[in-house]
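Coordinate inspection notes
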Amino acid sequence: MSEQPTDERPVRGSRWSDVQARDSLQSIVETLAEVAGFDVVGVSAVRDDGYLHVLCLVGPADARERLIDSLAPVADLLGQLELAEDWGTLKFIPHDSLIIDVDKWGWFSDRPRDVPEGAWHPEDMLVAPIHDDRGQLVGILGMELPKDGLVPVDGTRELLEMYARQACRAIAAILESERLAEQIRLAGAAADIVRRATGSMSVDDVLTQCGGALVDGFRAQAVWTHLFGAEPRPVRDADPHSPPPTLIDLLARYAAAAWDRQTVGVFAPDRLPPEPLGAADLAEVLEFMDCESLLVVPLGAGTECLGWLGLTREQGGAEWSAGEADVAFDIGRDLGRALATAGNFEREHRLVQELQELADYKSHLVATVSHELRTPLTSIVGFLELLEGDSGLSDRSRNAVAAIHRGSVRLSRVVEELLVLHRTGEGDLDAAGTVDLRATVAGIVELNAEPAERRQITVTGHLPAGQVPVRGIEHELEHVVANLVGNAVKYTPDGGHVVVTLEQVAGEVVLTCTDDGIGISAADQAHVFEEFYRSADPDAAHRSGTGLGLAIVRRLVDRHGGSIELESELGSGSTFRVRLPGA
Ligand code: ADP
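Counting restarts for each chain: residues are numbered from 1 in the order of the written sequence. Reporting in this predicted model follows two pLDDT cut-offs: at least 70 for local features of residues, and 80 or more for side-chain atom pairs to be given and counted; totals over whole chains, interfaces and linings ignore these cut-offs and use all residues. Side-chain numbers come from the whole structure's heavy atoms, not from hydrogens or water.

Inclusion rule: UniProt positions are given in the numbering used here, feature names are shortened, and annotations may be inferred rather than shown by experiment.
If you look the chain up in an unreviewed UniProt entry, it shows as histidine kinase from Nocardioides conyzicola. Check the Subcellular location (unreviewed entry) section of the UniProt entry for the chain; it says "Cell membrane". Among the UniProt annotations of the chain, the heading Catalytic activity (unreviewed entry) holds the following wording: "ATP + protein L-histidine = ADP + protein N-phospho-L-histidine."

Put into structure tokens, the structure is as follows:
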């Protein structure tokens with residue numbers, strides 16, 4: 001065995017954290033060395049970054065010290081293998097066909113180099129590439145220094161081949177189970193994180209919920225995060241000092257680029273700085289994070305990068321594997337989505353709260369002003385009525401008093417309706433009883449029929465024979481019917497017709513109020529349910545009103561779980577249809 005990084009990289013911790021797997025490999029190489037009669041036997045695993053990593057070794061103490069956990073580029077060895085003698089499982093590389101830079105390779109025996117023909121040369125190499133089920137190179141078994149000092153031939157070689165085949169099968173199984181264990185661990189962590197994130201309603205909650213799962217799932221030392229627009233902060237176990245502004249900018253720049261390229265970045269001393277950063281940037285990040293390595297994961301949703309997540313590992317911690325990087329990227333995307341949703345939820349919640357406060361304020365103001373106006377208005381109207389009865393008034397004064405009276409009555413009506421509007425929704429509908437809407441409608445039709453008759457308008461009710469039960473508050477439902485029928489009569493010229501129909505259709509109660517009056521233009525139809533909206537159409541405008549009636553009706557219908565619709569054509573009449581859930 002003679003693997004050593006050609007560029008003298010410092011050897012970093014292995015992601016082979018599984019001690020048991022290492023022990024199993026060690027016992028395989030010990031047995032193989034014993035039965036095959038070799039002084040040195042070792043196993044290296046292929047890492048995601050293209051390096052062979054020596055996991056275990058039998059041999060002299062100095063060889064073990066030099067080689068275990070050392071790294072060597074896979075590509076160099078593959079080039080060398082092309083020049084090897086193919087014995088089957090094993091490939092023999094005679095010392096005279098070595099193309100690897102011998103001085104830079106790790107350990108070689110100091111036995112004499114001038115050996116006779118057929119004897120083992122200290123720089124000879126015997127290796128067996130190990131492949132997984134899919135034919136991918138996953139490791140290398142290496143053997144050196146046969147105890148008999150000879151290059152194996154004939155029967156010895158056949159026996160050696162058999163031992164090597166068996167050993168390679170066992171090693172492949174261990175490497176595969178380590179890979180699967182990692183996949184299972186990461187899949188579990190990812191599922192856990194997504195579950196926690198999607199169940200959280202606020203940005204803070206998402207991060208707090210996921211911090212622990214990230215640390216455990218990724219065997220990280222600490223978790224950092226920076227959501228753009230907020231302060232960068234440690235989520236779990238990290239130094240609470242905020243990074244300096246230059247570092248915040250630098251990582252934000254990196255995260256945006258990484259999200260564009262849909263990738264994550266490993267920040268480690270022996271790695272190239274992740275694009276678009278330079279070596280000085282890399283050093284600055286590692287110094288602040290005070291860690292051996294950092295995995296920076298962009299958090300994003302759609303095309304937008306929302307921030308980043310940093311996972312650190314301490315000195316001697318394992319390498320970030322390609323599997324971990326892939327899963328981390330997916331988690332960054334899922335977390336990004338969860339954060340975006342939580343952010344929207346928070347914003348909406350704030351907005352609703354603000355609107356609610358504003359509505360409460362408005363409603364309170366309207367109620368107070370109406371209340372303050374009510375009493376003086378009542379006395380004004382009362383005194384005006386007294387004045388009108390005074391026989392000593394001149395005609396001019398009498399006309400003036402009549403005009404003031406009309407205005408005051410109108411003002412009183414506005415005040416009363418404003419108070420009704422304010423009170424709408426005050427009663428507890430859950431505690432409401434059942435109302436027979438048939439009786440309500442019949443009463444309102446009767447009440448309107450007589451005054452309408454004076455203008456030759458007929459008000460007809462088409463009502464079912466039996467009761468029509470609706471859950472609700474009686475005086476509110478009465479207000480709805482009275483308002484629609486009152487409007488129908490008011491906006492219908494003399495001699496017209498108003499028809500009120502009540503039906504029960506598929507569990508719903510449908511109230512229809514149709515007139516052949518002045519109708520409502522399409523432009524007005526869009527606004528008639530708004531507070532204080534009155535049509536500018538001269539036919540409508542000269543009829544007195546406050547513009548609050550339909551706004552109140554709509555609120556009351558909404559509150560009873562119903563809906564209201566309007567069909568109308570200017571000049572031909574209108575139909576208002578109210579649907580309420582049946583009791
Ligand atoms: P108002 O006190 O002005 O009647 P409403 O809120 O009840 O206020 O109605 C708003 C506007 O809708 C009215 O000003 C009128 O222009 C129009 N409108 C309501 N009902 C009818 C109807 N049956 N026929 C024609 N126009 C109507």
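1. Comments concerning helix 7 (residues 279–289)
Residue pairs spaced three or four apart in an α-helix point in one direction, given the helix's 3.6 residues per turn. The line we're drawing: Relative accessibility thresholds used throughout: buried, under 20% of the residue-type maximum; exposed, over 50%; partly exposed, between the two (1.4 Å probe, protein chains only). Each helix is a run of H or I in the DSSP string that is no shorter than four residues. Each strand is a run of E no shorter than two, and both are numbered from the N terminus. Regarding the arc, it is the one traced by the directions from the helix axis to the C-beta atoms.
For helix 7, the full list of buried residues reads D281, L282, V285, L286 and M289. Looking straight down helix 7, one finds its buried side chains confined to an arc of 130°; they lie on one side. In this structure, helix 7 carries A279, A280 and E287 as exposed residues pointing more than 90 degrees from its buried face.

2. Here's the deal with the site of the ligand
As a reminder of what qualifies: Any residue with at least one heavy atom within 4 Å of a molecule or strand is counted as near it. Any pair of nitrogen or oxygen atoms within 3.5 Å is treated as a polar contact; in protein, a donor-acceptor pairing is required on top of that, and neighbouring residues in sequence qualify only through side-chain atoms on both sides. Surface accessibility in these figures is a Shrake-Rupley result with a 1.4 Å probe; residues are shielded only by whichever protein chains are displayed. Polar here means any residue outside two lists: the nonpolar Ala, Val, Leu, Ile, Met, Phe, Trp, Tyr, Cys and Pro, and the charged Asp, Glu, Lys and Arg; Gly therefore counts as polar.
Residues in close proximity to the ligand total 22 residues, the closest being N487, Y491, R534, T546 and L550. In this structure, an oxygen atom belonging to the ligand sits 2.8 Å away from a side-chain N or O atom of Y491. One nitrogen or oxygen atom from the side chain of R534 is found 2.6 Å from an oxygen atom belonging to the ligand. Within the complex, 98% of the 520 Å² of free accessible area of the ligand lies under protein. If you list the elements that add at least two residues to the shell around the ligand, you get helix 11 (474–490), helix 14 (549–559) and strand 19 (573–581). Counting residues per element, the shell around the ligand draws most heavily on helix 11, which supplies four residues. For the shell around the ligand, a count of residues per class yields ten nonpolar, nine polar and three charged.

3. A closer look at a nonpolar patch on the surface
The test is simple: Patch membership needs two things, relative accessible area over 30% and no salt bridge, and members are linked within 9 Å if like-charged or within 5 Å if nonpolar (Val, Leu, Ile, Met, Phe, Trp, Tyr). Note on definitions: salt bridges are taken to be side-chain nitrogens of Lys or Arg within 4 Å of carboxyl oxygens of Asp or Glu.
Together, Y361, L365, V369 and L373 line one region of the surface with nonpolar side chains, adding up to about 380 Å² of accessible area. You can see Y361 is positioned in helix 8 (residues 322–388). The exposure class assigned to Y361 is exposed, which follows from its relative accessible area of 53%.

4. With respect to the sheet that holds strand 19
To summarise the sheet geometry, strands pair through backbone hydrogen bonds and adopt either a parallel or an antiparallel arrangement. Quick reminder of the rule: Two strands make a pair as long as DSSP finds a minimum of two bridges between them. Fitting a line to C-alpha atoms yields each axis, with helices limited to the stretch in contact; the angle taken between N-to-C directions then spans 0 to 180 degrees. Contact between two residues is taken to exist if any of their heavy atoms lie within 4.5 Å; hydrogens are not considered.
Pairing within the open sheet is mixed, and its five strands lie in the order 14-16-17-19-18. Looking at which strands have only one partner, the edges of the open sheet turn out to be strand 14 (458–462) and strand 18 (563–569). Going from strand to strand, the sheet's axes swing by 10° on average, the running direction of each strand aside. Taken strand by strand, helix 11 contacts strand 14, strand 16 (497–505), strand 17 (508–515), strand 18 and strand 19, and its axis lies near 20° from that of strand 17. In the packing of helix 14 onto the sheet, the strands contacted are strand 18 and strand 19, and the crossing angle to strand 18 comes to about 140°.

5. Comments concerning the packing of helix 5 (residues 203–217) against helix 8
Defined as follows: By definition in this entry, angles of less than 35 degrees are roughly parallel, angles greater than 145 are roughly antiparallel, angles of 65 to 115 are roughly perpendicular, and the rest are oblique.
Contact geometry of helix 5 with helix 8 gives a least axis separation of 8 Å together with a crossing angle of 155°. Taken together, helix 5 and helix 8 sit at an angle that is classed as roughly antiparallel. Side by side, helix 5 and helix 8 meet where V203, V206, L207, C210 and L214 of the first sit next to I331, L335, A338, L339, A342, G343 and E346 of the second.

6. Considering the domain arrangement of the chain
Rules: What counts as a domain boundary in this text is fixed by an automatic or database domain assignment. The buried area of a pairing is the accessible area, by a 1.4 Å probe, that goes missing from both parts when the two are put together, added over both.
What the domain assignment lists for the chain is domain 1 (19–181), domain 2 (190–347), domain 3 (348–423) and domain 4 (429–581). Placing the centre of domain 3 and that of domain 4 at their C-alpha centroids yields a distance of 24 Å. With seven residues of domain 3 at the interface, the matching set in domain 4 holds eleven residues. Counting each side, the surface lost to burial between domain 3 and domain 4 is near 840 Å², with a carbon and sulfur contribution of 65%. Together, R413, E417 and L421 form the three largest contributors to the area buried by domain 3 at its contact with domain 4, with a combined 59%. In this assembly, domain 3 and domain 4 are joined by zero salt bridges. Counting the contacts that link domain 3 with domain 4 gives three residue pairs in polar contact (both at pLDDT 80 or more). Partitioning the side of domain 3 that touches domain 4 into residue classes produces four nonpolar, no polar and three charged.

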